[in-house]
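# Observations on the three-dimensional arrangement
So the chains spell out like this:
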Amino acid sequence: MKVLWTLVVLTTSLTIGAQEYDLLIKNGHLIDAKNKLDQTMDVAILDGKVAEVSTNIPDEKAKKVIDATGLYIVPGLIDMHVHVFHGTRPDEYISNSYTSLPPDGFTFRSGVTTVVDAGSAGWKNFKTFREQTIDHSKTRVLAFLNIVGSGMKGGAIEQNLGDMDPKLTAIVARQNKDVIVGTKLAHYSGPEWAPLERTVEAGELANIPAMIDFGGSTPELSMDTLLLVKLRPGDIYAHCFAHVRGRTPVVDENGMLRACVKEAQENGIVFEVGHGGGSFVFEQALPALEQGFKPNMISTDLHTGSMNAGMKDMLNVMSKFLNMGMSLQEVVARSTWTPAVHIHREELGNLSVGAEADIAILNLNEGDFGFTDTRGWKIRGDKKLECELTLREGKVVWDLNGISMSEWE
Ligand SMILES: [Zn+2]
């Protein structure tokens, strides 16, 4: 009887042991910049969190096993620059209107699990944005708050100095500090520094970085002054490979990277891609990269004007940088851990034990591909990333080829 009882106890404990984890991803090549991992690893998940990362976790320990042989496992991607305050207000551009997109339809299929809205809402309509988009999206939605109280409604509304209040912007940022990670200035075309100074002041008051979509002024405001005097280390320079009227580009007319850009990056100013529908040209990106200037963060500037043009999606933008000479490790770091650090969300963008299990499993395809900029130029490349599977809090939210599913019998 005693022997039998021991056997029952032993069998029960083995059964429990066999199901220690909910999910196990086996044999994938893990790239985790925070933990300096770039090798074949297994990742186990329990209760929506990363439970173990090691070289050989037995299949029997998990209820479900995904074979990721030949694939890359990376932290869920962070797209630092999107516009997702979708709504149906006519003539209000990006703020609660048609130019913004609902995030879930554009994120998981590209391995993105966190997006950061770049100033679609201001302090006056942030509540609507929160209730309408943030609270109803499976994608984690964070935000930069526009210095314009009415947000990114376009036209004259974004030129109204009277609607740029650093104190009220900082108050709403603090009230929503679980989701607001910065302040934003965009589209201002007057000759004054005041909008920029107020955006930085709001950031200072709320202890968050400011993101600046600079320029559009006639005459142009000084890039040197912006980068070396006005911005604080940690502030973000948006659309770094744009060449548009009213904004000094990072590469000058002789193809040389401007000294102030290099110096600013060394000083801690953060440069993000923000590809968009008009903000990425090879004429800037190729010579800048050749001269050793790499963007700190890769991002899309997702909205209806970019998604069906040269930008396409996060993985297409990352692939573009791969084919311009950056390594896969650099490209992944600048789309995961680096943005997490710059928005002060170090719990994101990594697969440490205990982290939320936001994970992307990527395929690096080889072939003959074309990548276009926002001015109609194309480069060819032989590498292109594709998203096989995305997990958000340990749940499968995208599975291109059914690698998490059982074969039909
Ligand atoms: Zn934008």
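One structure accompanies this document, and this report is about it. Model, not experiment: these values are computed from the prediction.

Attention now goes to the sheet that holds strand β10 (residues 210-212). Sheet strands line up and pair through hydrogen bonds in the backbone, either parallel or antiparallel. With parallel pairing, the seven strands of this open sheet are ordered in space as β6-β7-β8-β9-β10-β11-β12. A strand with exactly one partner marks an edge of an open sheet, and here the two such strands are β6 (77-82) and β12 (270-271). Examined bridge by bridge, strand β9 (residues 180-185) and β10 share three bridges and lie parallel to one another. Of the residues in β10, the one forming a bridge with Lys-184 is Met-211.

Attention shifts here to helix α3 (residues 166-175). Because each turn of an α-helix spans 3.6 residues, side chains separated by three or four positions in sequence point in the same direction. Of the positions making up α3, those classed as buried are Pro-166, Thr-169, Ala-170, Val-172 and Ala-173. Buried residues of α3, viewed axially, fall in a sector of 165°; they line one side. Set apart from the buried face of α3 by more than 90 degrees, the exposed residues are Lys-167 and Gln-175. At its buried positions, α3 is contacted by α2 (126-132), β8 (140-146), β9 and α4 (194-206). The distance from a side-chain oxygen at the start of α3 to the backbone nitrogen of Lys-167 is 2.9 Å, and the residue carrying that oxygen is Asp-165.

It is worth spelling out unusual backbone geometry at this point. Positive phi is not limited to glycine here, since Lys-312 has a value of about 70°. Mapping Lys-312 onto the fold places it in the loop between α7 (282-290) and α8 (314-323). Positive phi, normally seen in glycine, also occurs at Glu-393, with a value near 50°. The residue Glu-393 is located in the loop between β14 (378-392) and β15 (395-399) in this model. For Glu-393, a relative accessible area of 40% corresponds to the partly exposed category.

With that out of the way, let us pick up the coordination of the zinc ion. Protein-derived coordination of the zinc ion comes from His-81 (NE2), His-83 (NE2) and Asp-301 (OD), at a distance range of 2.1 to 2.5 Å. Between consecutive donors of the zinc ion, the numbers of intervening residues give the motif H-x1-H-x217-D. Residue His-81 is found in strand β6, and its partner Asp-301 is found in the loop between α7 and α8; the two are separated by 220 residues along the sequence. With relative accessibility at 1%, the residue His-81 sits in the buried group. Since its relative accessible area comes to 6%, Asp-301 is described here as buried.

Quick look at the side chain of Asp-163 now. With respect to the helices and strands, the residue Asp-163 is situated in the loop between β8 and α3. The contacts of Asp-163, once residues within four sequence positions are left out, are Lys-124, Ile-147, Val-148, Gly-149 and Ser-150.

To continue, consider the pattern of salt bridges. Scanning the model with the defined rule gives 23 salt bridges in all. We note a salt bridge from Lys-294 to Glu-330, for which the minimum N-O separation is 2.6 Å. Pair noted here: Lys-294 is in the loop between α7 and α8 and Glu-330 is in helix α9 (residues 328-333), with a separation of 36 residues, a long-range link. Residues participating in the shared-partner salt-bridge network are Arg-140, Glu-356, Asp-358 and Arg-392.

Right, let's talk about the packing of aromatic side chains for a bit. Under the defined criterion, the tally for this structure stands at ten aromatic pairs. With centroids separated by 5.4 Å and ring planes inclined at 45°, the aromatic side chains of Tyr-237 and Phe-271 adopt a geometry described as tilted. Of the two residues, Tyr-237 sits in strand β11 (residues 236-237) while Phe-271 sits in strand β12, which places them 34 residues apart along the sequence. One exposure class covers both Tyr-237 and Phe-271, and it is buried. Where Phe-280 meets Phe-321, the ring centres are 5.9 Å apart and the plane angle is 75°; that geometry is what we call edge-to-face. Linking Phe-280 in the loop between β12 and α7 with Phe-321 in helix α8, this pair joins segments that are 41 residues apart in sequence. Judged by relative accessible area, Phe-321 falls into the buried class, the value being 0%. Taken together, the ring pairs in this structure connect Tyr-237, Phe-241, Phe-271, Phe-280, Phe-282, Phe-293 and Phe-321 into an aromatic cluster.

Reading guide: rules and limits
- Residues numbered from 1 in each chain as written.
- Predicted model: local features only at pLDDT ≥ 70, side-chain atom pairs only at ≥ 80, totals over all residues.
- Heavy atoms only, no water.
- Pairing = 2+ DSSP bridges.
- Helix = DSSP H or I, 4+ residues; strand = E, 2+ residues; numbered from the N terminus.
- Buried < 20%, exposed > 50% of the residue type's maximum accessible area, 1.4 Å probe, protein only.
- Arc of directions from axis to C-beta.
- Contact = heavy atoms within 4.5 Å.
- Polar contact = N/O pair within 3.5 Å; in protein donor to acceptor, adjacent residues only side chain to side chain.
- Donors = N, O, S within 2.8 Å, 3.2 Å for Na, K, Ca; no water.
- Salt bridge = Lys/Arg side-chain N within 4 Å of Asp/Glu carboxyl O.
- Phe/Tyr/Trp six-rings, centres within 6.5 Å; stacked < 30°, edge-to-face > 60°.

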